[in-house]
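Commentary on secondary and tertiary structure
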Amino acid sequence: MGSFGSAHGGRGAGRPVRGIALDIGSSRTRAWAPGAGVFADVPSGPVRRGRVTDADSQLRLLRRLTAAAPGGDGHDTVVMLTHPVLAGREEREAAKRVMDGLGAVRVFAVDSARAAAAYAAPAGDGPLLVVDLGAQLTEVTLVVDGLVVDARLAEVGLDDLPESGSAPDSVAGTAADLVSDLWRRDRTGAVRGALRRGVLVTGGGALRLDVTGRLAHLLRARLRLANDPSTSAVRGAGLMLASALRHPVASPVCG
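Everything numeric here is computed off the predicted structure, so don't read it as measured data.

A few words now on the overall build of the protein. Check the secondary structure of the protein and you find seven helices and 13 strands. Excluding contacts between residues fewer than 6 apart, the proportion of contacts in the protein whose partners are at least 24 apart in sequence is 69%. Of the accessible surface of the protein, which amounts to about 11700 Å², a share of 51% is contributed by carbon and sulfur atoms.

Bringing helix H2 (residues 89-100) into the picture now. The first and last C-alpha atoms of H2 sit 16 Å apart over 12 residues, in line with the 16 Å expected at 1.5 Å per residue. Here H2 has its buried residues at Ala94, Ala95, Val98 and Met99. When H2 is viewed along its axis, its buried side chains cluster within an angular range of 140° and face the same direction. Exposed and oriented more than 90 degrees from the buried face of H2 are Arg89, Glu90 and Arg97.

The element strand S7 (residues 76-83) is largely enclosed, with a buried count of eight among its eight residues. Along S7, one buried face is formed by Asp76, Val78, Met80 and Thr82 and the opposite face, lined by Thr77, Val79, Leu81 and His83, is buried too. The sheet contact formed by S7 and strand S8 (residues 106-111) spans six bridges and is parallel. By the bridge assignment, Val78 is partnered in S8 with Arg106.

One non-glycine residue with positive phi stands out, namely Asp145, at about 55°. By secondary structure assignment, the location of Asp145 is in the loop between strand S10 (138-144) and strand S11 (147-154). The phi angle at Asp228 is positive, at roughly 55°, despite the residue not being glycine. Relative to the helices and strands, Asp228 resides in the loop between strand S13 (223-225) and helix H7 (232-246).

All right, on to the sheet that holds strand S9 (residues 128-133) then. Note: strands within a sheet are paired through backbone hydrogen bonds, in either parallel or antiparallel orientation. The strand order across the open sheet formed by five strands is S11-S10-S9-S12-S13, and the pairing between neighbours is mixed. Looking at the sheet topology across the chains shown, the edges are occupied by S11 and S13. Here the average twist between neighbouring strands, direction ignored, is 25°. The pairing of S9 with S10 spans six bridges and is classified as antiparallel. From the neighbouring strand, Leu129 faces S10, where its bridge partner is Leu142. Where helix H6 (residues 209-219) meets the sheet, its contacts fall on S9, strand S12 (199-202) and S13, and the angle it forms with S13 comes to roughly 150°.

A separate point is the confidence of the model for the protein. The predicted model of the protein averages 83 in pLDDT, with 86% of residues at 70 or higher. Within the model, pLDDT remains below 50 along residues 4-12, and this stretch shows 27 contacts once partners closer than five positions in the same chain are excluded.

Summarising the element assignment, Asp125 is placed in the loop between helix H3 (112-120) and S9. Under the relative-accessibility criterion, Asp125 is labelled partly exposed at 44%. For the pair Asp125 and Val144, spaced 19 residues apart in sequence, the C-alpha separation works out to 9.1 Å.

For side chains bearing opposite charge, pairing can occur when the charged atoms are close. If you walk through the whole model with that rule in mind, you get nine salt bridges. Across the pair Asp41 and Arg30 runs a salt bridge whose closest N-O atoms are separated by 3.2 Å. Here Asp41, found in strand S4 (residues 37-43), pairs with Arg30, found in strand S3 (residues 28-33); they are 11 residues apart in sequence, far enough to count as distant.

Here we take up H7. End to end, H7 covers 21 Å across 15 residues, agreeing with the expected 21 Å (1.5 Å per residue, within 8%). Turning to H7, its buried residues are Ser232, Ala233, Val234, Gly236, Ala237, Gly238, Met240, Leu241, Ala242 and Ala244.

When you line up the elements, Asp186 lands in the loop between helix H4 (169-185) and helix H5 (190-197). Although Asp186 lies buried, it forms no salt bridge, and the closest oppositely charged side chain, Arg187, sits 6.9 Å away as judged by the N-O distance. Engagement of the side chain of Asp186 in a polar contact is seen with the backbone nitrogen of Val191, the distance being 2.9 Å. Look past the residues within four positions of Asp186 in its chain and what remains in contact with it is Val191 and Arg192.

Before going further, it helps to spend a moment on the packing of H3 against H7. At a minimum axis separation of 7 Å, H3 and H7 run at an interaxial angle of 80°. With respect to each other, H3 and H7 are oriented roughly perpendicular. Across the interface between the two elements, Ser112, Arg114, Ala115, Ala116, Ala118 and Tyr119 of H3 pack against Ser232, Ala233, Arg235, Gly236, Ala237, Leu239 and Met240 of H7. Of the residues assigned to the contact of H3 with H7, the class counts are eight nonpolar, three polar and two charged.

Each value, and the rule that gives it
Positions within a chain are numbered from 1, following the residues in the order the chain's sequence is written. For a predicted model such as this one, the threshold for reporting local features is a pLDDT of at least 70, and the threshold for listing and counting side-chain atom pairs is 80 or more; totals across whole chains, interfaces and linings nevertheless cover every residue. With hydrogens and water excluded, all non-hydrogen atoms of the structure serve as input to the side-chain values. Numbered from the N terminus, helices here are DSSP runs of H or I no shorter than four residues, and strands are runs of E no shorter than two. Working rule for contacts: check all heavy atoms of both residues, and any pair within 4.5 Å makes them a contact. Each accessible area value is a Shrake-Rupley result obtained with a 1.4 Å probe; residue values ignore everything except the protein chains displayed when judging cover. For a helix, the expected span equals 1.5 Å multiplied by the number of residues minus one. Throughout this description, buried means an accessible area under 20% of the type-specific maximum (1.4 Å probe, protein chains only), exposed means over 50%, and partly exposed covers the range between. For this quantity, the arc is that covered by the directions from the helix axis to the C-beta atoms. Note on pairing: DSSP must find at least two bridges between two strands before they are called paired. For helices, the fitted axis covers only the stretch in contact; all axes are lines through C-alpha atoms, and the angles between them, taken along N-to-C directions, range from 0 to 180 degrees. For every residue, the predictor assigns a confidence score, pLDDT, that lies between 0 and 100. For this document, the term salt bridge refers to a Lys or Arg side-chain nitrogen within 4 Å of an Asp or Glu carboxyl oxygen. None of His or the chain ends enter the tally, which takes Lys and Arg as positive and Asp and Glu as negative. Two N or O atoms count as a polar contact when they lie within 3.5 Å, although within protein this holds only if one can serve as hydrogen donor and the other as acceptor, and sequence-adjacent residues are included solely when both atoms are side-chain atoms. By definition in this entry, angles of less than 35 degrees are roughly parallel, angles greater than 145 are roughly antiparallel, angles of 65 to 115 are roughly perpendicular, and the rest are oblique. For this scheme, ten residues count as nonpolar: Ala, Val, Leu, Ile, Met, Phe, Trp, Tyr, Cys and Pro. Four count as charged, namely Asp, Glu, Lys and Arg, and the remainder, Gly too, count as polar.

Structural data, given as structure tokens:
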């Protein structure tokens, strides 16, 4: 987990703050707040394949969500933001520009795979494969001891499935290919161990039985579906946010 740092040079020190976790997906944007849980699940602004394509529109949406966040008196807000595990510098800088416009005290960033694992998987229970079946992205991440060891991403998602009939292979097959590529390049046995443990499946695709059934068949592995998989990333980010609010001195610095 990293931080974009204070957007206003430390503004808010000693003043009441509230927290909000945000998961900006290609299809939906979800918001979580301490004591309220997931309080918003709304269509995203212009986002394409995980990239914000209209920062101004997205900023207006996030301002509305931040203003509606329960708790505190609204003076300042600490934000925990999820991002695709392989987000590049361009995507991160675009997200930072949007976050700067919120006037937050500090913005922390965490990849969606670790956030989902924090919510849906016990810590310290061996290597974990997280398969995120999203609207426009499919991500496969190997997490060991809470750290991302390797990851793959394909710009294929549920939106690419035909509206008529069931054709899950374009998503399930893509996810299985990404797992296979991780396996071929793994020299530690972590992927094999994670497959034996069971694959954590998140995202809206986890609710598609045709997709998950086909994926389980292709991987020949047990799938572990997160509770409410569409919101597992924002819920995990919320847990991390709650920890940061409780222990601000120990919160991570820019990274």
